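Coordinate analysis (summary)
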Amino acid sequence: MGRLADSTITKRALAGALKELMETQSFSQISVLDICEKCRMNRKSFYYHFKDKYDLVNWIYDTEFVTVVNQKEYDGDWELMEDICQYFYDNRNFYRKAFVIEGQNSFSDYFRDVITLIINKGMQGYFRNDDSIDFFLDFYADAFVCAVKRWISQKDCIPAKEFSCRLKRCLIGMSDRIEQEFPDE
């Protein structure tokens, strides 16, 4: 138990250091050495726990959000979407910068993978025998990630509740229209 607790403490210290550094610097300006110096650790400790600084950003999202919501029971997908939006709104200063990260292992790619799993789970009942499910998954995951990135990047972004209501209105309105126009497909 002690080793696991020590590991978590170390990871949280590194995460705290990165978050603190990102308050004043862009992600691209921050090195692993900067993170280690901020929390008085050596680089060996960092690399024992994380592949790179991108992995650390993804770990932050995973532990602060994904792990928490996995322990929660939702009555529907919209509740989860509202929690996602609220989390990003509450942590918008950090994620404004995290969403700008590009390239392999970027946070956007990681978030898209998480969202794809969530959407896939929600779509299973609707597209059971549809060969196009991958198309729909890609479309909705891309749309959701793009919408969240655009929203959170705005200096004075609207509150999470309002944003999630607009998303819901948009998606339900579109699905109602598709159902009317393509009832047998």
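Residues numbered from 1 in each chain as written. Predicted model: local features only at pLDDT ≥ 70, side-chain atom pairs only at ≥ 80, totals over all residues. Heavy atoms only, no water.

When helices and strands are tallied, the chain shows 9 helices and 0 strands. Within the chain, the fraction of its 185 residues that count as buried is 37%. Long-range pairs, those at least 24 residues apart, make up 62% of the contacts in the chain with a sequence separation of at least 6. Per element, the accessible surface of the chain, about 12000 Å² overall, is 50% carbon and sulfur. (Helix = DSSP H or I, 4+ residues; strand = E, 2+ residues; numbered from the N terminus. Buried < 20%, exposed > 50% of the residue type's maximum accessible area, 1.4 Å probe, protein only. Contact = heavy atoms within 4.5 Å. Areas by Shrake-Rupley, 256 points an atom, 1.4 Å probe, with all protein chains shown as cover.)

This brings us to the packing of aromatic side chains. One pass over the structure, following the stated rule, counts 29 aromatic pairs. Their ring planes at 85° and their centres at 6.3 Å tell us that Tyr61 and Tyr110 sit as a pair that is edge-to-face. One end of the pair, Tyr61, is in helix H4 (residues 53–70); the other, Tyr110, is in helix H7 (residues 107–123), with 49 residues separating them in the sequence. Looking at Tyr61, the relative accessible area reads 0%, which means it is buried. For the pair Phe111 and Phe144, a centre-to-centre distance of 6.2 Å together with 40° between the ring planes defines the contact as tilted. In this pair, Phe111 sits in helix H7 while Phe144 sits in helix H8 (residues 133–153), placing the two residues 33 residues apart along the sequence. When its relative accessible area of 0% is taken as the criterion, Phe111 is described as buried. Overall, Phe144 belongs to the buried group, its relative accessible area being 9%. Ring pairing ties together the aromatic residues Tyr61, Phe65, Tyr87, Phe88, Phe94, Tyr95, Phe99, Phe107, Tyr110, Phe111 and Phe144, which thus form one cluster. (Phe/Tyr/Trp six-rings, centres within 6.5 Å; stacked < 30°, edge-to-face > 60°.)

In this section: the pattern of salt bridges. Tallying each qualifying case throughout the model produces 7 salt bridges. Here Lys38 and Glu20 are joined by a salt bridge, their closest N and O atoms 3.0 Å apart. On the criterion of sequence distance, the pair formed by Lys38 in helix H2 (residues 32–38) and Glu20 in helix H1 (residues 2–22) is long-range, its members being 18 residues apart. Under the relative-accessibility criterion, Lys38 is labelled partly exposed at 41%. (Salt bridge = Lys/Arg side-chain N within 4 Å of Asp/Glu carboxyl O.)

Here the focus is the packing of helix H5 (residues 77–90) against H7. With their axes 11 Å apart at the nearest point, H5 and H7 run at an angle of 165° to one another. Taken together, the axis directions place H5 and H7 in an arrangement best described as roughly antiparallel. Note on packing geometry: the crossing formed by H5 with H7 is right-handed. Contacts between H5 and H7 involve Asp77, Leu80, Ile84 and Phe88 on the former and, on the latter, Phe107, Phe111, Ile115, Ile118 and Gly122. Of the residues that constitute the contact of H5 with H7, the class distribution is 7 nonpolar, 1 polar and 1 charged. (Axes fitted to C-alpha atoms, helices over the stretch in contact; angles between N-to-C directions. Parallel < 35°, antiparallel > 145°, perpendicular 65-115°, else oblique. Left-handed = near helix turned anticlockwise from the far one by under 90°. Nonpolar A, V, L, I, M, F, W, Y, C, P; charged D, E, K, R; others polar.)

A few words on H5. Under the 1.5 Å per step criterion, the end-to-end length of H5 is 20 Å for 14 residues, consistent within 8% with the ideal 20 Å. The set of residues buried in H5 consists of Leu80, Met81, Ile84, Cys85, Tyr87, Phe88 and Tyr89. (Expected span 1.5 Å × (residues − 1).)

By size, the foremost hydrophobic cluster in this structure holds 53 residues, and its most contacted members are Leu56, Tyr61, Phe88, Tyr95, Phe111 and Trp151. Elements with a contribution of two residues or more to this core: H1, H2, H4, H5, helix H6 (92–98), H7, H8 and helix H9 (160–181). Looking at which element gives the most residues to this core, the answer is H8, with 9 residues. (Core = buried A, V, L, I, M, F, W, Y, C linked by side-chain atoms within 4.5 Å.)

What follows is about the confidence of the model for the chain. Across the chain, the average pLDDT comes to 88, with 88% of residues at or above 70. In the model of the chain, H9 stands out as the element of lowest mean pLDDT, 79, in contrast to H2, which has the highest, 97. (pLDDT = per-residue confidence, 0-100.)

The subject of this paragraph is the environment of Cys39. The topology assignment puts Cys39 in the loop between H2 and helix H3 (43–49). The spacing of Cys39 and Leu14 is 25 residues in sequence and 6.5 Å in space, taken between C-alpha atoms. Those residues in contact with Cys39, other than ones at most four positions away along the chain, are Ala13, Leu14 and Ala17.

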